[in-house]
Amino acid sequence: MGERKGQNKYYPPDYDPRAGGLNKFLGTHALRERARKLDQGILIIRFEMPYNIWCDGCQNHIGMGVRYNAEKKKVGMYYTTPVYQFRMKCHLCENHFEIKTDPGNLDYVILSGARRQENRWDPTQNGQVVPDDKEMQKRLFDDAMFKLEHSAKDLATSAEAKPALGRLFERNEDVWRDPYEANSRLRAEFRTKKKELKVTEEIDKTLLAKSSLDIDLVPENDEDRHMASLMCLQTVKSSEEEAAERRQKAINRPSLPGSTVISFGGIRAEKLLSKKLNPLDLGIRKRPSTSPAATETNEGISQNAKKSKEHYQETQKTPDCAKEAANSVAKASENVQTAPKTAEEAPKGISLVGDYSSSGTESDT
């Protein structure tokens, strides 16, 4: 088939074989667009990613085996082996990264634009067989005694690993002796897990809709449940306890201004403080009066109030000041209540709060 491809090429009528070939006659390269930078020593090739990397431009993961159109050029020599450098563009962003070969370590090195995902480990840590380096191979070839010692160590290592390999082989036989049964078991486990994931997804959707959120929820664990139980919000007092406390405050509130509530053997009483009482504290307001009878009555009441004040000052010096002060206030109230109530008999100089007269000529002050 190879010889037929050359015969199928189209030769134009003006083709001259003395040009040296069809590509030279047409002024093109056999690699076409791949050779557009060949004058700079750059050839476009198809490069396959040798290991997993992270792009520095978009921070995305690029897996091993992803292929790119890379610019290949020679940058040096390792003894007689050429060192090549590859430059390619990320397929997810506008970032470019460069990789070159490392013949001395049989590896590739990232120069710029990306970083390697470290999946390397020491093969001696997990029991892998480590290939001998060149110096070891030379000693095995030149020194017979060293070769004998090395073979003895290899036999001892094989004898130690044989029991573990036997157990692994037996376990593999037990699990995969019947492929149909193993496949059925795995599918049953998968269906059970799928149902659990579906239930969890429904719960998460309900919670997100209730909270008006649009985020990804992580799976729950025991520590999260414990912390959530400790952070439950509860009221310190119930509604009944708060209502009882308000009632108790209303009961213990003093009824007279300038007094405080005291108790003697369970009996509630009020004790007047050093503040002086006036008619306004007792709810009494004065009205202007013009009749002589009202003036005489006002003078009498003023004298009674003056006597009550003097009596109150004297009772402050006695231990039973609370009782005496209460008696004085009661006498003043009786004098006000026993005053005449008719328009001819009652004076119009004093009235209790809320006792409004029907006469339009009188006005409060």
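A brief report on the enclosed structure follows.

Reading guide: rules and limits
- Residues numbered from 1 in each chain as written.
- Predicted model: local features only at pLDDT ≥ 70, side-chain atom pairs only at ≥ 80, totals over all residues.
- Heavy atoms only, no water.
- Pairing = 2+ DSSP bridges.
- Helix = DSSP H or I, 4+ residues; strand = E, 2+ residues; numbered from the N terminus.
- Axes fitted to C-alpha atoms, helices over the stretch in contact; angles between N-to-C directions.
- Contact = heavy atoms within 4.5 Å.
- Salt bridge = Lys/Arg side-chain N within 4 Å of Asp/Glu carboxyl O.
- Buried < 20%, exposed > 50% of the residue type's maximum accessible area, 1.4 Å probe, protein only.

Examining the sheet that holds strand 8 (residues 114–116)
Sheet strands line up and pair through hydrogen bonds in the backbone, either parallel or antiparallel. Strand order in the open sheet formed by three strands is 3-2-8, and the pairing between neighbours is antiparallel. Edge strands, defined here as strands with exactly one partner in the open sheet, are strand 3 (61–62) and strand 8. One ladder, built from three bridges, connects strand 2 (residues 53–55) with strand 8; its direction is antiparallel. For Cys-55, the partnering residue across the bridge sits in strand 8 and is Ala-114.

Re the sheet that holds strand 6 (residues 96–102)
One open sheet accounts for five strands, arranged 1-4-5-6-7; its pairing is antiparallel. On the outer flanks of this sheet lie strand 1 (43–48) and strand 7 (107–112), each paired with one strand and no other. Sheet twist, expressed as the mean angle between neighbouring strand axes with direction ignored, is 40 degrees. Bridging between strand 5 (residues 81–89) and strand 6 involves five bridges; their strand directions are antiparallel. Its bridge partner lying in strand 6, Arg-87 is registered against Glu-98.

Here's the deal with the environment of Ile-44
Along the chain, the position of Ile-44 falls in strand 1. Taking the C-alpha atoms as reference points, Ile-44 and Met-88, 44 residues apart in sequence, are found 9.7 Å from one another. Among all residues touching Ile-44, those that are not within four sequence positions of it are Glu-33, Arg-34, Arg-36, Asn-69, Ala-70 and Glu-71.

Quick look at the pattern of salt bridges
Following the criterion strictly, the structure yields 11 salt bridges and no others. One salt bridge in this structure joins Arg-67 and Glu-48, with 3.7 Å as the shortest N-O distance. With a gap of 19 residues between them, Arg-67 in strand 4 (residues 67–78) and Glu-48 in strand 1 connect regions that are remote in the sequence. Assessed through its relative accessible area of 43%, Glu-48 is described here as partly exposed.

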